[in-house]
Amino acid sequence: MSTYSQEKLHGALKHFFGYDEFRLTQLPIIESVLAGKDTLAIMPTGAGKSICYQLPAMLLPGITIVISPLIALMKDQVDALVANGIYAAFLNSSQSQEQQQQVVRDAQNGNIKLLYIAPERIPANSDSFFSFLKGLNPSLFAIDEAHCISSWGHDFRPEYLKLAVLKKQFPELPVIALTASADKVTQQDIVARLALHQPRIFISSFNRPNIHYFIRQKKDVFGYILEYIKKHKDDCGIIYALSRASTEGLAGKLHEAGIKAAYYHAGMDSAERSKVQEAFQRDEYKVIVATIAFGMGIDKSNVRFVIHHDVSKNVEGYYQETGRAGRDGLRSDAILFYSFGDIMKLRRFAEVEGNPQQSAISRRKLELMQQYCEHEGCRRQYLMEYFGEQFPAYCGSCDYCTSSLEEKDATVDAQKLLSAIVRTGERYGAGYIIDVLRGSASEKIDPAHKELKTYGIGKNLKKEEWQWMVQQLLYHHFIDKTEDQYVTLKLNEKGWKILKGESELKLVMKKEKEPDLQEESPEYDQQLLKDLKSLRLDMADREHVPAYNIVADNSLIELATYLPESFDELKHISGFGDYKISRYGSGFLQVIKRYAEANNLPSRMHFKKPKKGSTATVKKDKKDKPAANSTMQSTFAMFNDGMSVAEIAAQRSLSLSTIETHLAAFVTTGMLDISKVVSKDKLAKIMATIKMSGQTMALKPIKDLLSDDYTYGEIRMALEYYKKVNG
Ligand code: ADP
Ligand code: ZN
């Protein structure tokens with residue numbers, strides 16, 4: 001089989017879908033499919049399974065047949081593909097005979113790259129169906145929601161069993177089966193029933209790092225929800241409630257409070273339900289208050305929050321519902337209100353009449369849900385371990401981690417401790433070492449040790465804190481405890497590395513101050529984002545598609561952050577493939593231009609790193625000068641004349657952050673000495689924090705780790721400096 005270089009695959013991802021990077025295991029999955037191997041891809045909902053067959057479909061010569069059970073989702077997927085200029089169509093029972101015949105003709109004429117088929121379209125006599133498929137000359141089969149073939153799965157569909165002969169009919173063609181089902185038995189069952197041939201199996205982590213988990217006691221729920229929604233007034237979200245009546249009640253109260261909210265439950269007729277669902281897809285409703293009937297088939301990528309007004313009956317359901325947030329990969333919140341009363345209520349529902357076995361399972365699941373709500377530890381860790389994945393005790397983005405714990409660099413303190421162990425000859429236990437560190441005047445301390453440099457250097461921590469540190473070092477195997485006559489501490493190889501400064505020690509510690517939930521990030525121009533959204537809505541209305549089909553929210557945020565000025569620059573914005581650029585590019589560029597001129601803002605594209613797969617690179621001026629335009633130059637000139645950032649901002653009627661952005665460009669090139677804009681102490685602290693955040697792409701994670709006296713401008717400049725000195 002032909003091979004595709006990773007470069008080519010990145011190029012295709014950018015060209016067809018406008019994305020810069022593959023997520024999770026997308027790349028190896030795609031390579032496996034293109035190498036002609038049967039493949040089983042297991043990824044959590046929202047992680048991006050579709051690309052795993054859509055991209056190969058674009059590279060393979062013939063048609064790709066996609067079997068998918070969710071009719072509502074099918075249309076969405078096809079619309080999204082068509083919006084990217086890709087020939088796709090579907091066959092399902094929602095279409096008229098004529099429509100179906102048209103699709104069949106198009107497919108037979110080779111005008112379709114991806115054909116979605118609902119399993120119910122496979123007739124009982126599947127032979128004729130398979131000969132129809134043969135006539136289409138397919139290159140690949142994709143079986144979406146593949147767990148539907150397994151009676152072990154949570155959503156068994158007998159029609160899927162018809163797919164069992166697929167491999168017999170098309171032994172040469174690769175099949176990719178996709179599912180979000182984490183369950184091992186189901187996975188094996190999929191492989192067996194589809195008769196996949198030596199399949200390559202890819203399992204991604206079920207962790208959804210962009211979703212932040214919060215649990216709150218159920219008190220003043222409505223007040224809290226209202227405040228939260230008001231604080232996030234541009235965001236969409238789902239509120240789950242247990243009963244139909246309470247969805248209606250809550251939605252009514254929200255509506256009265258001026259929020260565009262609607263309710264949704266299984267008691268409504270189906271026309272009404274799809275009306276609500278569509279209005280939500282189109283951002284006309286910001287908030288849907290729903291029973292768990294809502295969600296199947298929802299493919300809205302910009303759901304920013306999922307609130308559980310009541311406790312869920314099991315962790316699987318809860319996790320699936322929270323998973324509807326943040327499919328676009330942006331920060332999203334999952335907030336659950338917990339009360340023991342809810343558990344009592346659910347316990348009654350858990351009883352399945354005449355089925356003691358089922359009742360016992362439901363009760364057990366509810367118990368685990370209660371345990372999760374009452375868990376004294378990282379929420380994410382609990383969830384991951386529930387689904388059978390190891391996860392560290394600190395995620396940094398759940399209510400437990402953000403309010404009680406934080407990860408700190410403990411290297412210096414560890415070095416003090418290790419040094420004290422070494423200098424006293426590795427002959428003592430923890431108590432003695434700590435006394436030396438804290439400069440104890442006790443007679444028990446060997447006078448020679450009172451002369452040591454390490455004597456008394458540990459006064460910064462309390463005795464208990466040092467004891468805790470010793471435990472941590474033992475626990476993480478940086479020191480060993482040996483018991484000859486007495487217990488003594490000794491360094492091992494890992495410990496020496498820390499002492500010599502060759503490695504660092506990060507420890508999770510109790511935090512000193514309480515942080516807030518989510519605050520808005522001022523990195524992008526809010527007004528511009530609004531303008532772009534309203535343009536997108538116009539485009540969507542004109543084309544009768546949901547707004548996010550035009551481009552996703554995160555693409556708009558990037559536009560409002562980097563202010564691209566040309567088609568070439570647009571290529572660097574996530575979500576803008578070549579087709580979308582040609583179709584929508586000029587509209588967006590116009591809005592940006594108008595806004596940038598009115599506010600005297602330069603393009604900030606130079607802050608965006610060129611990424612793999614893009615065909616263009618951001619132009620840099622010769623001699624490594626910033627791509628500085630006149631407005632940046634005048635800021636720089638005023639700064640060199642001795643004006644402060646605030647003075648320049650005032651004189652030029654620009655915001656502080658704009659001025660700082662201008663100056664940052666000159667830090668990058670070395671024309672501006674960083675110490676003139678950020679104090680030495682602050683710079684050191686920010687640099688350390690950047691390192692700790694482990695990334696240099698985004699400012700917000702760095703800002704979150706610093707106290708409030710660090711501005712975005714300072715961080716931005718320090719970041720530029722950091723990138724410069726670290727190559
Ligand atoms: P799943 O089928 O796994 O639930 P989807 O395939 O619907 O998820 O993808 C979820 C969202 O993520 C979609 O909006 C999709 O366009 C987007 N997406 C997928 N892959 C990428 C990627 N590599 N980079 C950016 N966005 C992506
Ligand atoms: Zn956590």
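Definitions and limits used
Residues numbered from 1 in each chain as written. Chains lettered and ligands numbered in written order. Predicted model: local features only at pLDDT ≥ 70, side-chain atom pairs only at ≥ 80, totals over all residues. Heavy atoms only, no water. Pairing = 2+ DSSP bridges. Helix = DSSP H or I, 4+ residues; strand = E, 2+ residues; numbered from the N terminus. Axes fitted to C-alpha atoms, helices over the stretch in contact; angles between N-to-C directions. Contact = heavy atoms within 4.5 Å. Salt bridge = Lys/Arg side-chain N within 4 Å of Asp/Glu carboxyl O. Buried < 20%, exposed > 50% of the residue type's maximum accessible area, 1.4 Å probe, protein only. Domains from an automatic or database assignment. Donors = N, O, S within 2.8 Å, 3.2 Å for Na, K, Ca; no water. Tetrahedral: all angles 85-135°; square planar, octahedral: opposite > 155°, others 65-115°. Parallel < 35°, antiparallel > 145°, perpendicular 65-115°, else oblique. Left-handed = near helix turned anticlockwise from the far one by under 90°. Core = buried A, V, L, I, M, F, W, Y, C linked by side-chain atoms within 4.5 Å. Polar contact = N/O pair within 3.5 Å; in protein donor to acceptor, adjacent residues only side chain to side chain. Near = heavy atom within 4 Å. Areas by Shrake-Rupley, 256 points an atom, 1.4 Å probe, with all protein chains shown as cover. Nonpolar A, V, L, I, M, F, W, Y, C, P; charged D, E, K, R; others polar.

Peer 1: Can you explain the sheet that holds strand 8 (residues 211-217)? Please cite residues and give values.
Peer 2: Pairing is parallel across the open sheet formed by six strands, whose spatial order is 8-13-12-9-11-10. If you trace the sheet from one side to the other, it starts and ends with strand 8 and strand 10 (261-264), each paired once. Recorded for the sheet is a direction-independent mean angle of 15 degrees between the axes of neighbouring strands. Relative to strand 11 (residues 287-290), strand 9 (residues 236-240) runs parallel, the two sharing four bridges. By the bridge assignment for strand 11, Ile-238 is matched with Ile-288. Here helix 9 (residues 221-231) sits on the sheet and contacts strand 8, strand 9, strand 11, strand 12 (303-308) and strand 13 (332-338); the angle it forms with strand 13, its principal contact strand, is near 170 degrees. The strands touched by helix 14 (residues 356-374) within the sheet are strand 8 and strand 13, with strand 13 carrying the most contacts at an inclination of about 110 degrees.

Peer 1: Which residues make up the sheet that holds strand 5 (residues 138-143), and what values do they have?
Peer 2: The strand order across the open sheet formed by seven strands is 3-4-2-5-6-1-7, and the pairing between neighbours is parallel. With one partner strand each, in any of the chains shown, strand 3 (88-91) and strand 7 (200-203) form the two edges of the open sheet. Sheet twist, expressed as the average angle between the axes of neighbouring strands with direction ignored, equals 20 degrees. As paired strands, strand 1 (residues 39-42) and strand 6 (residues 175-179) are joined by four bridges and run parallel to one another. The residue bridging Ile-42 from the neighbouring strand is Thr-179, located in strand 6.

Peer 1: Could you give an account of the pattern of salt bridges, with specific residues and numbers?
Peer 2: Where charged atoms from two side chains of opposite charge come close, those side chains can pair. Tallied over the full model, the rule gives 22 salt bridges. Across the pair Asp-328 and Arg-304 runs a salt bridge, and its minimum N-O distance is 2.7 Å. Note that Asp-328 is positioned in the loop between helix 12 (315-322) and strand 13 and Arg-304 in strand 12, a separation of 24 residues in sequence. When sorted by exposure, Asp-328 lands in the same class as Arg-304, which is buried. Across the pair Arg-331 and Asp-333 runs a salt bridge, and its minimum N-O distance is 2.8 Å. Relative accessible area serves as the criterion here: at 24%, Arg-331 is assigned to the partly exposed category. Judged by its relative accessible area of 0%, Asp-333 is buried. Salt bridges sharing common partners tie together Lys-218, Asp-310 and Asp-342.

Peer 1: Any details on the domain arrangement of the protein chain? Residues and values, ideally.
Peer 2: Domains assigned within the protein chain are domain 1 (6-203), domain 2 (211-403), domain 3 (407-509), domain 4 (521-605) and domain 5 (624-725). Look at where the C-alpha atoms of domain 3 and domain 4 centre, and you get two points 55 Å apart.

Peer 1: Describe the coordination of the zinc ion (ligand 2), with residues and values.
Peer 2: Of the protein atoms, only Cys-378 (SG), Cys-395 (SG), Cys-398 (SG) and Cys-401 (SG) coordinate the zinc ion (ligand 2), at distances of 2.3 to 2.4 Å. Between the four donor atoms coordinating the zinc ion (ligand 2), the angles at the centre fall across 102 to 119 degrees, so the site counts as tetrahedral. Overall, Cys-398 belongs to the buried group, its relative accessible area being 0%. A relative accessible area of 0% places Cys-401 in the buried class.

Peer 1: Which residues make up the packing of helix 22 (residues 526-543) against helix 26 (residues 578-599), and what are the values?
Peer 2: For the pair helix 22 and helix 26, the least separation of the axes is 10 Å and the interaxial angle reads 150 degrees. Taken as axis vectors, helix 22 and helix 26 run roughly antiparallel relative to one another. Between helix 22 and helix 26 lies a crossing of right-handed hand. Of the residues in helix 26, those touching helix 22 at Gln-527, Leu-528, Asp-531, Leu-532, Leu-535, Arg-536, Met-539 and Glu-543 are Arg-583, Tyr-584, Gly-587, Phe-588, Val-591, Ile-592 and Tyr-595.

Peer 1: Which residues make up the nonpolar core, and what are the values?
Peer 2: In this structure, Leu-532, Leu-559, Phe-588 and Leu-663 are the most contacted members of the largest nonpolar core, which totals 63 residues. The dominant element in this core, judged by the number of residues it contributes, is helix 26, at eight residues. Residue contributions to this core reach at least three from each of two domains, namely domain 4 (521-605) and domain 5 (624-725). Contacts of Leu-663, omitting those with residues within four sequence positions, involve Thr-635, Phe-636, Phe-639, Val-645, Leu-672, Val-677 and Met-717.

Peer 1: Break down the side chain of Arg-604 for me, citing the residues and quoting the values.
Peer 2: Topologically, Arg-604 is positioned in the loop between helix 26 and helix 27 (630-640). We classify Arg-604 as buried; its relative accessible area is 9%. Of note is the side chain of Arg-604, whose polar atom sits 2.9 Å from the side chain of Asp-525.

Peer 1: If you had to explain the site of ligand 1 to someone new, which residues and values would you point to?
Peer 2: Around ligand 1, the surrounding shell holds 15 residues, and the nearest of these are Tyr-19, Glu-21, Gly-46, Lys-49 and Ser-50. With respect to ligand 1, the side chain of Tyr-19 contributes an N or O atom lying 2.5 Å from an oxygen atom. Within the contact set of ligand 1, an oxygen atom lies 2.9 Å away from a backbone nitrogen or oxygen of Lys-49. In isolation ligand 1 has 560 Å² of accessible area, and contact with the protein removes 83% of it. Partitioning the shell around ligand 1 into residue classes produces five nonpolar, five polar and five charged.

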